[in-house]
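Overview (structure and organization)
Okay, here's what each chain looks like letter by letter:
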Amino acid sequence: MIKENLIKNLLQLLFIEVLFEVGFINIVKIFNISSNLYTIFIEKTLFLILLVTLNRKLTKIHIQFSIQLDRHEINNLVMLIVMLFGIGIMHIDRILYAFVIGLVACLTEEYLMRGIVLTSLISIFQNFKNKYARILLPVMISSIFFGSEHLINLYSQNLSMTIVQVVMTTAMGFVLSGIFLRTTNLLYPMVCHFSLDYLIIIINGISENSNVSIYDVIFPTIFYLFVGFVIMLPIFDQNQNTIR
């Protein structure tokens, strides 16, 4: 009965958050509000507040997140920050946009997809006897949800580009899920998510190239799936999942 309630509440949460995102986009269009960095920041801030509220009222998932790091982890984080900043100053005109987009995306998407959705699914599937299904099914479902969320970009780009993005983010969700399960700390997939989005924008800018094909992402997709699986290998032999 507890699992049925969790499934129902999780679906309600996902339905409400999709309504919010679609509604916000249409309100912006109806009132002819310029879609810029400030609009995105406001939307994602409200979105995060909504997610926290929905989690408290519906799913009631404890998000495993900590900023208490040992000296080695702090040193690695500082090195990463220095590297990202060093790359950023090569395209100083993009650095603010890359930072804001990376930050709001990693906070909202990781809180939702790895923090709430994946943790909920791990709980739902925890009694499966097959050790691979117990882990891989939640990871695959949450990654598909993660990729599907990007269908909302159809409001601003063509179908082929959106499909490519959905495929890539689904595969990337596999890696981020693996990182979360291995570390049991949402901070790590957040940092990885931020770094990836930040670097893409710094290096490529906001691409408007519509000449993309699903064939262009076959190798990266296979690579991400392989990396995600390798990251998760030690988890399969654990008697119990560490995510609750």
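Here the structure is shown first, and the text comes after it.
Residues numbered from 1 in each chain as written. Predicted model: local features only at pLDDT ≥ 70, side-chain atom pairs only at ≥ 80, totals over all residues. Heavy atoms only, no water.

To continue, consider the layout of surface pockets. Considered as a void within the structure, the second largest pocket measures approximately 260 Å³ in volume. The wall of the second largest pocket is formed by 15 residues, among which I81, F99, L103, V191 and F194 lie closest to the centre. Those elements that place two or more of their residues in the lining of the second largest pocket are α3 (71-88), α4 (95-124) and α7 (187-204). Counted by class, the lining of the second largest pocket contains 15 nonpolar, no polar and no charged residues. (1 Å grid on protein atoms, 1.4 Å probe; cavity = no way out; pocket = protein on both sides within 12 Å on 5 of 7 lines; lining within 4 Å. Points joined across faces, edges and corners; volume = space filled by probe spheres on them. Helix = DSSP H or I, 4+ residues; strand = E, 2+ residues; numbered from the N terminus. Nonpolar A, V, L, I, M, F, W, Y, C, P; charged D, E, K, R; others polar.)

A full pass over the atoms with the stated rule returns nine aromatic pairs. Taking the centre distance of 5.8 Å and the plane angle of 80° together, the rings of F99 and F194 count as edge-to-face. With a gap of 95 residues between them, F99 in helix α4 and F194 in helix α7 connect regions that are remote in the sequence. In this structure F194 comes out as buried when scored by relative accessible area, which is 15%. Ring geometry for F219 against F223: centres 6.5 Å apart, planes inclined by 20°, an arrangement best described as stacked. Of this pair, F219 and F223 both sit in helix α8 (residues 218-236), four residues apart, which is roughly one turn of the helix. Residue class for F219 comes out exposed when judged on its relative accessible area of 62%. Note on F223: relative accessible area 43%, which makes it partly exposed. Grouping aromatic residues by their ring pairs yields a cluster made of F20, F24 and F47. A cation sits over an aromatic face here: R114 above F146, 4.3 Å from the ring centre. (Phe/Tyr/Trp six-rings, centres within 6.5 Å; stacked < 30°, edge-to-face > 60°. Buried < 20%, exposed > 50% of the residue type's maximum accessible area, 1.4 Å probe, protein only. Lys NZ or Arg CZ within 6 Å of the ring centre and 35° of its normal.)

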